Amino acid sequence: MKKTSNGWMNGFIGVMIFSGSLPATRLAVADFDPVFLTLCRAAIAGVLAGALLLLFRQSRPERTDIVPLMIVAVGVVVGFPLLTALALQSVTSAHAIIFIGLLPLSTAIFGVIRGGERPRPSFWIFSAAGSFLVAGYALIQDGEASPIGDVYMVASIIICGLGYAEGARLSRKLGDWQVICWALVLSLPLMLPFSVYLSPDSWDDIGGPSLLSLAYVSLFSMLIGFIFWYRGLAQGGIAAVGQLQLLQPFFGLLLAAVFLHEEVGPTLIAVNIAVVLCVAATRRVARAPRMKAETEDTRSDLTK
């Protein structure tokens, strides 16, 4: 029980860190090209991750871990940041939230496929309700859509859900911070040279807020946030803790209101309260696979 509670706490910290990515990215793209920003933040995080692995003398992953680590890298290091950056060239951020609100469902589904989890039917009801609340709110805020932008967003949600679930499963073996570090290092040979190639001709015109935002998404969004996030998913269950992502768009908008002076109306507050209730409900009805296995083993022992 304590481990599950710690999982929810770590997952919540991870979501809070990820929530700052949206305001930080909005500030950064004022001076940086979105594609360069995606490459550069992964390259910076990759260099830091490599230094951490060397500093703590971590053993290299086994050969059987390479493919899962590549899946993590493709999902959360390269795929999701790049696909969302491409999508945001043709759709608004408000419209993109429609798909971000579906990320918990994607994570839960891959948690079943890759992690062997079996949430209760009531879990799926509350999970879907929370996703529809987020998507519905975003839909009434912005009705415009772009077919190519929607395709990019759908692909990003699928690939990110896979990366989350695969990373959580692998963290039980390699450790939470080791998984994201090895995934970043694996992607470094691709991200570093392309980020150098696409770097601005001159950094003199890059403002301080953009540089600070680049530092945030590189250090926190790409590295520190995943340490808490993968630890939380591994401890509390991929499907269950993954529902905390429903809060991410709203925390991001609240941070945007503080730092970017964007308006936050009563509708947002009301929907946020409803989403919190859905997250609380999924936490109550969800059971982590290990808890279920332990219960079944106990029943088996009692019948002997």
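Remember, it's a predicted structure, so these values are computed and weren't measured experimentally.

S.K.: Give a detailed account of the overall build of the chain, specifying residues and quantitative values.
M.R.: On a plain count of helices and strands, the chain comes out with 14 helices and zero strands. Starting at the N terminus, the α and β elements of the chain follow one another as α-α-α-α-α-α-α-α-α-α-α-α-α-α. Counting the 304 residues in the chain, one finds 50% classified as buried. Taken as a whole, the chain presents about 14500 Å² of accessible surface, with 66% of it coming from carbon and sulfur.

S.K.: Give me the lowdown on helix α3 (residues 34-55), citing residues and values where you can.
M.R.: Counted at 1.5 Å a residue, the expected span for α3 with its 22 residues is 32 Å, and the 32 Å between its end C-alpha atoms agrees. If you check the start of α3, you find a side-chain oxygen 3.0 Å away from the backbone N of Val35, and it comes from Asp33. After α3 finishes, the residue Arg57 shows a positive phi value of roughly 50°.

S.K.: Any chance you could break down the side chain of Gln245 for me, citing the residues and the numbers?
M.R.: Relative to the elements of secondary structure, Gln245 occurs in the loop between α11 (238-241) and α12 (248-259). Side-chain polar atoms of Gln245 contact the side chain of Thr107, separated by 3.2 Å. Within the structure, Gln245 has its side chain in polar contact with the backbone oxygen of Gly242 (distance 2.7 Å). The residues contacting Gln245, other than those within four sequence positions of it, are Val15, Leu103, Pro104, Thr107, Tyr164 and Trp229.

S.K.: Account for the confidence of the model for the chain, naming residues and giving values.
M.R.: In low-pLDDT regions, the fine details of the predicted coordinates are not to be read closely. Overall, the predicted model of the chain reaches an average pLDDT of 81, with 82% of residues at or above 70. The model gives residues 288-304 a pLDDT under 50, and that stretch makes nine contacts with residues more than four places away or in other chains.

S.K.: Any chance you could break down the pattern of salt bridges for me, citing the residues and the numbers?
M.R.: As enumerated under the stated definition, the model contains four salt bridges in all. In this structure, the salt-bridge partner of Lys173 is Glu62, at a minimum N-O distance of 3.3 Å. Here the residue Lys173 occupies a position in helix α8 (residues 147-174), and Glu62 occupies one in the loop between α3 and α4 (63-87), the gap between them amounting to 111 residues. Judged by its relative accessible area of 47%, Glu62 falls in the partly exposed class. Of the charged contacts, one joins Arg169 and Glu166 as a salt bridge, the two residues approaching to 2.5 Å between their closest N and O atoms. Here Arg169 and its partner Glu166 are both found in helix α8, three residues apart, which amounts to about one turn of the helix. Judged by relative accessible area, Arg169 falls into the partly exposed class, the value being 27%. The class of Glu166 is buried, set by a relative accessible area of 0%.

S.K.: Give me the lowdown on helix α9 (residues 176-197), citing residues and values where you can.
M.R.: The end-to-end C-alpha distance of α9 is 32 Å, a good match for the 32 Å that 22 residues give at a rise of 1.5 Å each. At Leu188, α9 shows its maximal kink, close to 55°; a proline, Pro189, follows between one and four residues later.

S.K.: Which residues make up the environment of Pro189, and what values go with them?
M.R.: The residue Pro189 is located in helix α9 in this model. Take Pro189: its relative accessible area is 61%, and that puts it in the exposed class. C-alpha of Pro189 to C-alpha of Ala43: the two residues are 146 residues apart in sequence and 8.7 Å apart in space.

Cut-off values and rules
Residues numbered from 1 in each chain as written. Predicted model: local features only at pLDDT ≥ 70, side-chain atom pairs only at ≥ 80, totals over all residues. Heavy atoms only, no water. Helix = DSSP H or I, 4+ residues; strand = E, 2+ residues; numbered from the N terminus. Buried < 20%, exposed > 50% of the residue type's maximum accessible area, 1.4 Å probe, protein only. Areas by Shrake-Rupley, 256 points an atom, 1.4 Å probe, with all protein chains shown as cover. Expected span 1.5 Å × (residues − 1). Polar contact = N/O pair within 3.5 Å; in protein donor to acceptor, adjacent residues only side chain to side chain. Contact = heavy atoms within 4.5 Å. pLDDT = per-residue confidence, 0-100. Salt bridge = Lys/Arg side-chain N within 4 Å of Asp/Glu carboxyl O. Bend = angle between axes of the 7 residues up to and from the residue.

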